[in-house]
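Notes for the structure review
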Amino acid sequence: MPSVDEILDGKDVCICAGSGGVGKTTTSAAIALGMAARGLKVCVLTIDPAKRLADSLGLKELGNEATQVDSKLFEAQGVEIKGELWAMMLDAKATFDELVARHAEDEESRDRVLENRIYQQISSALAGSQEYMAMEKLFELHSEGRFDLLVLDTPPTRNALDFLDAPKRLTQFIEGKSLRVFMKPTGLAAKVAGRGASVALSVMKRIVGFDLIADLAEFFNAFSGMVDGFQARAKRVNSLLGDPHTSFLVVCGPQGEPIDEAVYFHRKLVEAKLPFGGVIVNKVHYAAERLRDGDGRLPALLEEKLADGDLAQRVSSNFEDYQALAERDARNIERLAGELRSKVVIRVPYLDEDVHDLAGLAEIDRHLFAA
Amino acid sequence: MRGYSHGRWLFLPGPEIARNHPIRELLDKRVVFVTGKGGVGKTTVSVALGLKAAAEGKRVIVCEVASQENASRIFDHAEVGFHEVEMEENLWSISIDPDESMREYVLLQLKVRAMRDMLFRSKIFTYLAAATPGLKELVTIGKIWELAQLDRKVKSGRKYDLVIVDAPATGHGIGFLQTPRTFAAIARVGPIHSQAKQLDRLITDHEHTGTAIVALPEEMPVNETAALEHDLRTEVGVAVDRVYMNALYPERFSKEEAAKLEQLAAAEDGTLAAAAGAAVSEHGRARSQRAQLARLRRRVETPVKTLPFLFEPEIGVEGARELSKRLG
């Protein structure tokens, strides 16, 4: 079985992608821990509003700044961190504000943007802005060069495209090309643009309410000086994602639907020419060896040993239930490997204990980083 | 039903909603949002609620948002898209596409055909509709309310007793239900402002609108469910009627039996050891799940109902039907 350290050998960015509820945050933290244990200076970034990463790392609070995780915490779990493990919980709004401050020509235009209500909405609520800010922070940390490896836990998106399209959607919004010319009611462009556009605008005014249009106009005016800076930046962020030193790991579960999504995500990554590293399947049930002549005799054999027919029956049916899940998982993973035409599928077994602490992370690492 | 008759604005009820009635049972409400973090089984619970209400003789529609097709997949049905498609007797499904909702909204708003055509062809409109923060969520919620009306605005619209919404995952979840209020704040005046305000009033109408949170018996999902319940109650102001603790393992073995089986697992090898070991693992998981269940019950105000883990490779409509009998 491949190992995460082999996949990430020579990489400086690892992006963990996948749909919600598959253990992405825990996996990201476990990858970062494993790589730090192998001597790298690693920082794991998450944007999850539910503060799960802090939980996983035993940290009380994570700010928009990287915080070093105390290596001593892991010694008790038998994990020696030869490098350094850092963690950061992303604040999308604060990151956006920093970005505006960087691109603004002066303090006045910065404040005009920061105080604009449309800006306040998009910086925290516009679909894609969280995703984009995660990449933005990743890019910033990467440029600073403070870390050997950055592990990004992507926000839970409804589908893969949401994440990959985020920079494009956001810059398109900020550019507002088709809109800005019409914002100035006396502009020459508005006059020559034709009746369709002006009717559309007046209808929109009627539906949306004049204030929204005015706020949008103000927003675009305030942002106009920054558009070039944003575009250039987005281009560089995109090229970091496609860099050969970046690796995308798709995280999923063993059930049919998460496997379908992983297949879909892999296809999208390949189409977008982004570097695919492998798939990590969490919570896999492993099949046990069956009796040579089938498991029909199992209840009888168990009864012989346990001297309790009822208990033997329950043990047997419990075993059958898990065997059925294990067979499903094996089928799904085989299908996944076939679709991917690659052997880079790492399986993490369904553990007896639910993983939410440092001991759990250390346990996961024993499977991600197989010897 | 009272309160959902002709309103001045589209989707909206008259002003006479009685607010001081006792809280109804979940399925006696008009709209139920099923929410929770990703991967907890929101769609399965939504469909199970739909099956239960349909079995009681109610006409129900299960709504997917953001063009998802999870519900139709459970029924092993072709994608339904932006159409109300009957899945079973009394049970329909629709996948709400925000762009289609926007189109429908405009069609109902603008009576002059030439104006509508011009609008749909206009790049500005497409841009504004796509770029205006929260507009997609707003028109989605607007469509949910349109479905919930007894006097449907859409031509030949069916009347439903209950609209069940398979809401977006937590994170997006609170944001989704908060959209009308947020929007009302941005657009200070105009029709959207008043409609957004009305939609917010409807979301927070405890008599007609309810929410059910789906959780899993694990440490972090329990923490997140408690946080979600708190935010839904205090920040959004919706009624949280139920928390469903989903996928709870059966307690098949007693402590004494588990100890006995542990010995057997150590003494044997091969299949016997594996079977005994599987039983010991199951016992451990069932116990830690019970601890999480107790923790959840301590941390939320809402009554917590449990749903069993289904040992089935994939949960289809029969699995959902099984759960529908245990919704409480």
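Computed from a predicted structure; not experimentally measured. (Residues numbered from 1 in each chain as written. Chains lettered and ligands numbered in written order. Predicted model: local features only at pLDDT ≥ 70, side-chain atom pairs only at ≥ 80, totals over all residues.)

**Some remarks on helix α8 (residues 190-203) of chain B**
Applied cut-off: Here a helix means four or more residues in a row that DSSP labels H or I, a strand means two or more in a row labelled E, and each is numbered from the N terminus. One fewer than the residue count of a helix, multiplied by 1.5 Å, yields its expected span. Three exposure classes are used, based on other C-beta atoms lying within 10 Å of a residue's own C-beta, which is placed from the backbone: buried for 20 or more, exposed for 12 or fewer, and partly exposed in between.
The end-to-end C-alpha separation of α8 of chain B is 20 Å, in line with the 20 Å expected for 14 residues at 1.5 Å each. Along α8 of chain B, the residues classified as buried are Ile192, Gln195, Ala196, Gln198, Leu199, Asp200, Leu202 and Ile203 of chain B.

**Describing the environment of Asn90 of chain B**
Residues and elements named next belong to chain B. Note the cut-off: Contact between two residues is assigned when their C-beta atoms, built from the backbone, lie within 7 Å.
In this structure, Asn90 sits in the loop between β3 (85-88) and β4 (91-95). A residue is classified by how many C-beta atoms lie within 10 Å of it, and Asn90, with 20 of them, is buried. Through-space distance from the C-alpha of Asn90 to that of Arg59 is 4.7 Å; in sequence the pair is 31 residues apart. Excluding residues within four positions of it along the chain, Asn90 makes contact with Ala54, Gly57, Lys58, Arg59 and Val60.

**A word on the confidence of the model for chain A**
Convention followed: The predictor attaches a confidence to each residue, called pLDDT, with possible values from 0 through 100.
Overall, the predicted model of chain A reaches an average pLDDT of 83, with 82% of residues at or above 70. Note on residues 186-193 of chain A: pLDDT is under 50 here. Beyond four places in sequence and across chains, it has 10 contacts.

**What about the domain arrangement of chain A?**
Residues and elements named next belong to chain A. Quick note on the threshold: What marks off one domain from the next here is an automatic or database domain assignment. Only Asp, Glu, Lys and Arg are considered charged, only Ala, Val, Leu, Ile, Met, Phe, Trp, Tyr, Cys and Pro nonpolar, and every remaining residue, Gly among them, polar.
Here the domain parsing of chain A yields domain 1 (4-287 + 328-368) and domain 2 (295-327). Contacts between the two partners involve seven residues from domain 1 and, on the opposite side, six residues from domain 2. Residue composition of the side of domain 1 that touches domain 2, by class: three nonpolar, one polar and three charged.

**A word on the packing of helix α16 (residues 298-306) of chain A against helix α17 (residues 309-340) of chain A**
All names here are of chain A. Counted only if it meets this: Only the stretch in contact is used when fitting a helix axis, every axis being a line fitted to C-alpha atoms; angles between N-to-C directions are given from 0 to 180 degrees. Here the word oblique covers every angle except those under 35 degrees (roughly parallel), over 145 (roughly antiparallel) and from 65 to 115 (roughly perpendicular). Put simply, a crossing is left-handed when the front helix is turned counterclockwise from the back one by less than a right angle, and right-handed when it is turned clockwise.
One way to put it is that α16 packs onto α17 with a least axis distance of 8 Å and a crossing angle of 135°. Judged on the interaxial angle alone, α17 and α16 are oblique. The two elements α16 and α17 meet at a crossing, and its hand is right-handed. Contacts between α16 and α17 involve Leu298, Pro299, Leu302, Glu303 and Leu306 on the former and, on the latter, Gly309, Leu311, Ala312, Gln313, Val315, Ser316 and Phe319. In terms of residue class, the contact of α16 with α17 is made up of eight nonpolar, three polar and one charged.

**What to know about the nonpolar core**
The following threshold applies: Throughout this description, the term nonpolar core refers to a group of buried Ala, Val, Leu, Ile, Met, Phe, Trp, Tyr and Cys residues whose C-beta atoms join them within 7 Å.
Core analysis: the largest hydrophobic core is formed by 88 residues, its most contacted members being Ala32, Val42 and Val151 of chain A. At eight residues, the largest contribution of residues to this core is made by helix α2 (residues 24-37) of chain A. Residues contacting Val151 of chain A, with those up to four places away along its chain left out, are Cys14, Cys16, Ser28, Ile31, Ala32, Val42 and Val44 of chain A. Counting 75 residues, the second-largest nonpolar core is a separate cluster that includes Val45, Leu135, Ile144 and Leu307 of chain B.

**Considerations on the sheet that holds strand β5 (residues 162-166) of chain B**
All names here are of chain B. The criterion, for reference: One bridge is not enough; two strands pair if DSSP finds at least two bridges between them.
Pairing in this open sheet of eight strands is mixed, and the strands run β3-β4-β2-β5-β1-β6-β7-β8 from one edge to the other. Only two strands of the sheet have a single partner each, and these edge strands are β3 and β8 (304-308). The mean angle between the axes of side-by-side strands here comes to 25°, regardless of whether they run parallel or antiparallel. Across the sheet, helix α6 (residues 135-148) lies against β1 (31-35), β2 (60-64) and β5, angled at about 155° from β5, the strand it touches most.

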